[in-house]
Amino acid sequence: MYKDKKVVAVMPAYNAAQTLVKTYESIMEQDVVDLVVVVDDASRDETVRIARDLPNTLVHVHEKNKGYGANQKTCYRLAMEAEGDIIIMVHPDYQYTPKLIPAMASLIGNGLYPCVLGSRILGGYALKGGMPVWRYASNRFLTLAGNLLLGSKLSEFHTGYRAFSRELLERLPLEQNSDDFVFDNQMLAQILWLGEQIAEVSCPTKYSPEASSINFVRSVIYGFGCLHTGLRFRLAKMDLMASPLFPPSD
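Cut-offs used in this document
- Residues numbered from 1 in each chain as written.
- Predicted model: local features only at pLDDT ≥ 70, side-chain atom pairs only at ≥ 80, totals over all residues.
- Heavy atoms only, no water.
- Helix = DSSP H or I, 4+ residues; strand = E, 2+ residues; numbered from the N terminus.
- Rg over C-alpha atoms; globule rule 2.2 N^0.38 Å.
- Buried < 20%, exposed > 50% of the residue type's maximum accessible area, 1.4 Å probe, protein only.
- Areas by Shrake-Rupley, 256 points an atom, 1.4 Å probe, with all protein chains shown as cover.
- Expected span 1.5 Å × (residues − 1).
- Polar contact = N/O pair within 3.5 Å; in protein donor to acceptor, adjacent residues only side chain to side chain.
- Contact = heavy atoms within 4.5 Å.
- Core = buried A, V, L, I, M, F, W, Y, C linked by side-chain atoms within 4.5 Å.
- Salt bridge = Lys/Arg side-chain N within 4 Å of Asp/Glu carboxyl O.
- Patch = residues over 30% accessible without salt bridge, like charges linked within 9 Å, V, L, I, M, F, W, Y side chains within 5 Å.
- 1 Å grid on protein atoms, 1.4 Å probe; cavity = no way out; pocket = protein on both sides within 12 Å on 5 of 7 lines; lining within 4 Å.
- Points joined across faces, edges and corners; volume = space filled by probe spheres on them.
- Nonpolar A, V, L, I, M, F, W, Y, C, P; charged D, E, K, R; others polar.

How should the overall build of the protein chain be read in this particular structure?
If you tally the helices and strands in the protein chain, you get 8 helices and 7 strands. Here the C-alpha radius of gyration of the protein chain, 17 Å, is about what a compact globule of 250 residues would show, namely 18 Å. The burial tally for the protein chain puts 56% of its 250 residues in the buried class. On the protein chain, roughly 11,700 Å² of surface is accessible, and the fraction owed to carbon and sulfur atoms is 54%.

Help me out: how do you make sense of helix α8 (residues 216-237) in this one?
Helical periodicity: at 3.6 residues per turn, an α-helix aligns residues three or four positions apart in one direction. Look at α8: 32 Å from first C-alpha to last across 22 residues, which is about the 32 Å you get at 1.5 Å a residue. Phi for D239, located one or two positions after α8, is positive at around 60 degrees.

Would you explain the side chain of S155 in this entry?
Tracing the backbone through its elements, the reader meets S155 in the loop between α5 (133-150) and β6 (162-165). At a separation of 2.7 Å, a polar atom in the side chain of S155 contacts the side chain of E200. With residues near it in sequence (within four places) discarded, S155 still touches S119, I121, L122, R140, T143 and E200.

I keep staring at the nonpolar core and nothing clicks. Help me out?
A general feature of soluble globular proteins is that nonpolar side chains tend to end up buried together. If you look at the biggest cluster of nonpolar residues, it comprises 36 residues, and the most contacted ones within it are V10, Y76 and L169. Mapped by element, the contributors of at least two residues to this core are β1 (7-13), β2 (35-40), α3 (68-81), β4 (86-89), β5 (115-119), α6 (166-171), α7 (183-193) and α8. The greatest single-element share of this core, amounting to 7 residues, is contributed by α7. When residues no more than four places from it in sequence are discounted, the contact partners of V10 are V37, C75, Y76, A79, I87, I88, M89 and V90. Core analysis: the second largest hydrophobic core is formed by 33 residues, V32, L54, L100 and I101 among them.

Sorry if this is basic, but what is going on with the pattern of salt bridges here?
Two side chains of opposite charge can pair, provided their charged atoms sit close to one another. The tally for this structure, following the rule as stated, stands at 8 salt bridges. Residues K73 and D179 are paired through a salt bridge, measuring 2.7 Å at the closest nitrogen-oxygen approach. In this pair, K73 is assigned in helix α3 and D179 in the loop between α6 and α7, connecting sequence segments 106 residues apart. Note that D184 is salt-bridged to R162, the shortest N-O span being 4.0 Å. Here R162 lies in strand β6 and D184 lies in helix α7, a separation of 22 residues in the sequence. The burial state of D184 is the same as that of R162; both residues are buried.

What is the right way to look at a nonpolar patch on the surface in this model?
Together, W134, F216, V217, V220, I221 and F224 line one region of the surface with nonpolar side chains, adding up to about 640 Å² of accessible area. Tracing the backbone shows W134 in helix α5.

How should empty space enclosed by the protein be read in this particular structure?
Unfilled space is identified by rolling a water-sized probe across the atoms. According to the stated counting rule, one finds 1 cavity of 30 Å³ or more in the structure shown. The calculated volume of the largest cavity comes to roughly 50 Å³. Taken together, L142, A145, G146, L149, L150, H158, N185, C226, L227 and G230 make up the lining of the largest cavity. Listing elements by their share of the lining of the largest cavity, those giving two or more residues are α5 and α8. With 5 residues, the single largest contributor to the lining of the largest cavity is α5. Broken down by class, the residue content of the lining of the largest cavity amounts to 6 nonpolar, 4 polar and no charged.

Structure, rendered in structure tokens:
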């Protein structure tokens, strides 16, 4: 708990057997999280078996692989059904350190921000932490384009380390979003569409052989998806098109 608010950590998992326990143990060491939700997207390894042995953990299995975005939709739905007040997504590949959970939870639990991102770009150590040069360059370009189209000033749109208040998640039309990787970008665009603020904390960059990552081709598809989302946002703001991603406010 954080100030009587239930904290739920969600982990969208796919073939995470090698790092799941390490990530879980680090999460629980922070002494803030009440429940861990693991949603397995039809892994081919021992992820489900390992997850079911973890205390204070709710495990849900997709019988067929539905995609990263669909996995998150299930994660957030289950976290809210479990009455989570602060919901934090932590990838089970240990690319993002769970040691930031208390800081992220405090920013939300104290009512300062409804959304907090763990940014690998803040601090300037992304490349030293092992982020590939091509990935860093694309990250910077897409973040610049996103800021211009969405009217924001984020250091990074593409981190998978995110914390949300329950109230914010309840307002987002997440089911309208992609079931693939561009879900992440669409979600942030929807938060900005609502006029909500997004905070960032500096997150150490750590790439390892066990860390999950999309390949170059899928990264290109993701990049075009982010640009398409930004254009839809801008056109909707200008009342030039309607989009289910960005419904008109009441």
